[in-house]
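In case you want the letters, here they are:
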Amino acid sequence: QLQASGGGLVQAGGSLRLSCAASGRTFSVYGMGWFRQARGKERELVAAISRSGGSTYYVDSVKGRATISKDNAKNTVYLQMNSLKPEDTAVYYCAAGSSWLPPRLESECTNWGQGTQVTVSS
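Everything in this summary refers to the structure shown in the same document. (Residues numbered from 1 in each chain as written. Predicted model: local features only at pLDDT ≥ 70, side-chain atom pairs only at ≥ 80, totals over all residues. Heavy atoms only, no water.)

**Side note on the pairing of strand β1 (residues 2-5)**
Of the two faces of β1, the one lined by L2 and A4 is fully buried and the one lined by Q3 and S5 carries no buried residue. Summarising the sheet, β1 and strand β3 (residues 16-22) pair through 4 bridges and their orientation is antiparallel. Looking across to β3, one finds that L2 is bridged to A22. (Buried < 20%, exposed > 50% of the residue type's maximum accessible area, 1.4 Å probe, protein only. Helix = DSSP H or I, 4+ residues; strand = E, 2+ residues; numbered from the N terminus. Pairing = 2+ DSSP bridges.)

Following this line, the structure appears as structure tokens:
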């Protein structure tokens, strides 16, 4: 089970930290990812992290503004988003991959959280 939280309404230039709490074996076995889906658009990968946390991936549009991390003691993966832009507005989903690697595709993800809305006002 994955439980995402931390979304909200923020002004452009602001920051948010999204959290995804995992239960069961998911967190200790698989890489994790954050995806987002804006209205009228396809869901896209934003950032991903390997099981160990040693490997990360970011989509070009958030590089330098986002940091994905994980706290093994809390079974939680985070997405820190800074310098937010209106185009970051979307529902953000956390997902567990199917291997220890950072997931890169939706098809690699076997377990999804419920989504948290991020709205960035201009």
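So that's the structure; there's more coming.
**Quick word on the pattern of salt bridges**
Considering all chains together, one arrives at 5 salt bridges under this definition. A salt bridge links D88 to R36, with the nearest nitrogen and oxygen atoms 2.9 Å apart. Of this pair, D88 sits in the loop between β8 (76-81) and β9 (90-96) while R36 sits in strand β4 (residues 32-37), and the two are 52 residues apart along the sequence. Accessibility classification places D88 together with R36 in one group, the buried group. Note that E106 is salt-bridged to R43, the shortest N-O span being 3.0 Å. With E106 in the loop between β9 and β10 (111-112) and R43 in the loop between β4 and β5 (44-49), this pair connects stretches of sequence that are 63 residues apart. Judged by its relative accessible area of 25%, R43 is partly exposed. Connected through salt bridges with shared partners, the residues R36, E44, R65 and D88 form a single ionic network. (Salt bridge = Lys/Arg side-chain N within 4 Å of Asp/Glu carboxyl O.)

**Examining the state of the cysteines**
Counted by the stated rule, this structure contains 1 disulfide. Each sulfur of the disulfide joining C20 and C94 lies 2.1 Å from the other. Looking down the S-S bond of the C20 and C94 bridge, the torsion is 60 degrees, so its handedness is right-handed. With a gap of 74 residues between them, C20 in strand β3 and C94 in strand β9 connect regions that are remote in the sequence. This cysteine, C109, is not joined by any disulfide, and C94 carries the nearest cysteine sulfur, 9.8 Å off. (Disulfide = S-S within 2.5 Å.)

**Remarks on the nonpolar core**
In this structure, W34, I68, V77, L79 and Y92 are the most contacted members of the largest nonpolar core, which totals 29 residues. Counting only elements with at least two residues in this core, the list comes to β1, β3, β4, β5, β7 (66-71), β8, β9 and β11 (116-121). Setting aside anything within four residues of it in sequence, one finds Y92 in contact with L18, W34, F35, R36, V46, L79, M81, G115, T116 and V118. Core analysis: the second largest hydrophobic core is formed by 5 residues, L45, A48, A95 and C109 among them. (Core = buried A, V, L, I, M, F, W, Y, C linked by side-chain atoms within 4.5 Å. Contact = heavy atoms within 4.5 Å.)

**Here we look at the packing of aromatic side chains**
Per the stated rule, a full pass over the model turns up 2 aromatic pairs. For the ring pair F35 and W112, a centre distance of 4.9 Å and an interplane angle of 55 degrees mean the geometry is tilted. Residue F35 is found in strand β4, and its partner W112 is found in strand β10; the two are separated by 77 residues along the sequence. Note on Y93 and W112: the rings are 6.5 Å apart at their centroids and 80 degrees apart in plane angle, and the pair reads as edge-to-face. You can see Y93 sitting in strand β9 and its partner W112 sitting in strand β10, a full 19 residues away along the chain. On the basis of relative accessible area, W112 is assigned to the partly exposed category, the value being 25%. Among the aromatic residues, ring-to-ring pairing joins F35, Y93 and W112 into one connected group. (Phe/Tyr/Trp six-rings, centres within 6.5 Å; stacked < 30°, edge-to-face > 60°.)

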